[in-house]
Amino acid sequence: MFQISLDMYQTLALAVVVLFIGSFLKKRIRALETFCIPAPVVGGLLFSLLSCILYSVGVLELNFDETLKTVCMVIFFTSVGFQANIRILKSGGKGLIIFLVCVIVLIVTQNILAVGLSQVLQINPLIGLCTGSIPMVGGHGTAGAFGPVLEDFGLEGATTMCTAAATFGLVAGSLMGGPLGNRLICRHDLLKTAVSADPTPLEEEEEKHHRSVSMYAPAVYQIALAMGIGTFVSWLLSKTGMTFPIYIGAMLVAAFMRNISEFTGKFTIHLGEINDVGDICLSLFLGIAMITLKLWQLAALALPLILLLASQALLMFLFAYFIVFRVMGKDYDAAVLSAGTCGFGMGATPNAMANMQALTEKFLPSVKAYLLVPIIGSMFADFINSLVITFFINLL
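Below: a short report on this structure. (Residues numbered from 1 in each chain as written. Predicted model: local features only at pLDDT ≥ 70, side-chain atom pairs only at ≥ 80, totals over all residues. Heavy atoms only, no water.)

## Concerning the overall build of the chain
Within the chain, the regular secondary structure consists of 17 helices and two strands. A compact globule built from 396 residues would reach a C-alpha radius of gyration of about 21 Å, and the chain, at 21 Å, matches this within 12%. A burial count over the chain gives 54% of its 396 residues as buried. Partitioning the contacts of the chain with sequence separation of at least 6, the portion at a separation of at least 24 is 80%. Taken as a whole, the chain presents about 17300 Å² of accessible surface, with 67% of it coming from carbon and sulfur. A distance of 9 Å separates the average location of the 21 positive side-chain charges in the chain from that of its 23 negative side-chain charges. (Helix = DSSP H or I, 4+ residues; strand = E, 2+ residues; numbered from the N terminus. Rg over C-alpha atoms; globule rule 2.2 N^0.38 Å. Buried < 20%, exposed > 50% of the residue type's maximum accessible area, 1.4 Å probe, protein only. Contact = heavy atoms within 4.5 Å. Areas by Shrake-Rupley, 256 points an atom, 1.4 Å probe, with all protein chains shown as cover. Lys, Arg positive; Asp, Glu negative; His and termini not counted. Charge placed at Lys NZ, Arg CZ, Asp CG, Glu CD.)

Below is the structure:
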């Protein structure tokens, strides 16, 4: 078999090519845009399928230098850490706290189900964890980050399994949310409970997301500072005897910097620019993660993975329908929130917004849902999920 090894620069360039291909296909295939499938995933899956075919017939094996994948991953999760704003959490009131608790319960339940069912199926519990909150609430970014961690524990192909599960979650969450919300609204005649009011955006928060070309350099410096200090935090955490992902220290430092800025006003965190840098690095990270997938490692686990993923879809439906809807007030806003929870509970915040948009376009706006879902989905879900996943990995 002919082998080709690519260095880190060539690997990065190939990831960009895959990203362009994915973007091209998304513009021309409506379903990909509808389900918010990330462009790197679209192009990356095509490339990994081709790579798998070439490997299976004994023609070609590609080897990659994944150094820059780790760098991009740490930068992205550092940008996520900057979103953890305690002041905004307080401003959402009681409803925000309740919804946050619901999301925490969902994250824990997804992992308990994944690990428990894997034991019933008599497979490695770490395989089950590949279908828990890592790809569900975490999506492709967290899947790519924790896959290598699980591989360090001896689980071959963990990154591939996590990424495949994340792709399933994106599609399932998008297909589930709209119909679920529609059923709740129609069955309980919830339009009469809808609150008609103008949105009350957090103007000060939005102002901080204003982009300025001159501020991208300071934003990168802030990310670099958090990453550098974060290495010492990660070192201290490693002394506890527990295993943490490489980015956890930078993520915690970024959250600390953000909240010091909020409460003291002594310096400004350039959130808009930080978000942009984080998004770029996420796309590059996903691109590299996807082209390095080894799909042939999934063949022996096809049936168990199907059962595990089907159970996660059922859990998400039951949790949104019976828990989120009731806990959040059993009104129109709660129904829209339930649809949104299906989106980021099995994929990503953009899926949640797409689910809610489909409902509000058909019925009425929901100010409460449009406030809570972006705050929890974008600012806190990934942060909390990383801590819970780390706990489960060390528990197993």
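## Some words on the side chain of S133
Structurally, S133 is set in the loop between helix 7 (125-129) and helix 8 (139-152). Residue S133 is classed as buried on the basis of its relative accessible area, which comes to 0%. Within the structure, S133 has its side chain in polar contact with the side chain of N385 (distance 2.7 Å). Each residue touching S133, except ones within four places of it in the same chain, is listed here: I107, Q110, N111, G138, N385 and I389. (Polar contact = N/O pair within 3.5 Å; in protein donor to acceptor, adjacent residues only side chain to side chain.)

## Some remarks on the state of the cysteines
On inspection of all chains with the given rule, the structure shows zero disulfides. C281 forms no disulfide, and the closest cysteine sulfur to it belongs to C72, at a distance of 4.7 Å. The cysteine C342 is free of any disulfide, with C102 supplying the nearest cysteine sulfur at 13 Å. (Disulfide = S-S within 2.5 Å.)

## Remarks on the packing of helix 1 (residues 8-28) against helix 3 (residues 39-56)
Contact geometry for helix 1 and helix 3: axes closest at 7 Å, N-to-C directions at 110 degrees. Taken together, the axes of helix 1 and helix 3 are roughly perpendicular relative to one another. Together, L14, V18, L19, G22, S23, L25 and K26 of helix 1 and A39, P40, V42, G43, G44, L46 and F47 of helix 3 make up the contact between the two elements. A breakdown of the residues in the contact of helix 1 with helix 3 according to their chemical character gives nine nonpolar, four polar and one charged. (Axes fitted to C-alpha atoms, helices over the stretch in contact; angles between N-to-C directions. Parallel < 35°, antiparallel > 145°, perpendicular 65-115°, else oblique. Nonpolar A, V, L, I, M, F, W, Y, C, P; charged D, E, K, R; others polar.)

## Thoughts on the environment of A224
Looking at the element boundaries, A224 is found in helix 11 (residues 216-238). Between the alpha carbons of A224 and I75 there is a distance of 8.0 Å; along the sequence they are 149 residues apart.

## Some thoughts on a nonpolar patch on the surface
Among the surface-exposed residues, L314, F317, L318, F322, I323 and V327 lie close enough to one another that they form a single nonpolar patch of about 490 Å² accessible area. Secondary-structure assignment places F322 in helix 14 (residues 302-327). When its relative accessible area of 40% is taken as the criterion, F322 is described as partly exposed. (Patch = residues over 30% accessible without salt bridge, like charges linked within 9 Å, V, L, I, M, F, W, Y side chains within 5 Å. Salt bridge = Lys/Arg side-chain N within 4 Å of Asp/Glu carboxyl O.)

## Here's the deal with the layout of surface pockets
Roughly 300 Å³ of volume is contained in the second largest pocket. F64, E66, T292, L293 and K294 are the residues nearest the centre of the second largest pocket, which is lined by 20 residues in total. Among the secondary structure elements, those contributing two or more residues to the lining of the second largest pocket are helix 3, strand 2 (60-64), helix 8 and helix 9 (158-187). In terms of residue count, strand 2 provides more of the lining of the second largest pocket than any other element does, five residues in total. Tallied by class, the residues present in the lining of the second largest pocket amount to eight nonpolar, seven polar and five charged. (1 Å grid on protein atoms, 1.4 Å probe; cavity = no way out; pocket = protein on both sides within 12 Å on 5 of 7 lines; lining within 4 Å. Points joined across faces, edges and corners; volume = space filled by probe spheres on them.)

## Describing the pattern of salt bridges
All told, the structure shown has two salt bridges when counted by the stated rule. A salt bridge links E66 to K69; the shortest N-O distance between them is 2.7 Å. Overall, E66 belongs to the partly exposed group, its relative accessible area being 32%. R258 is paired through a salt bridge with E262; the nearest N and O atoms lie 3.0 Å apart. Taken together, the residues span about one helical turn, with R258 and E262 both in helix 12 (residues 248-264) at a distance of four residues. Each member of the pair, R258 as well as E262, carries the same accessibility label: buried.

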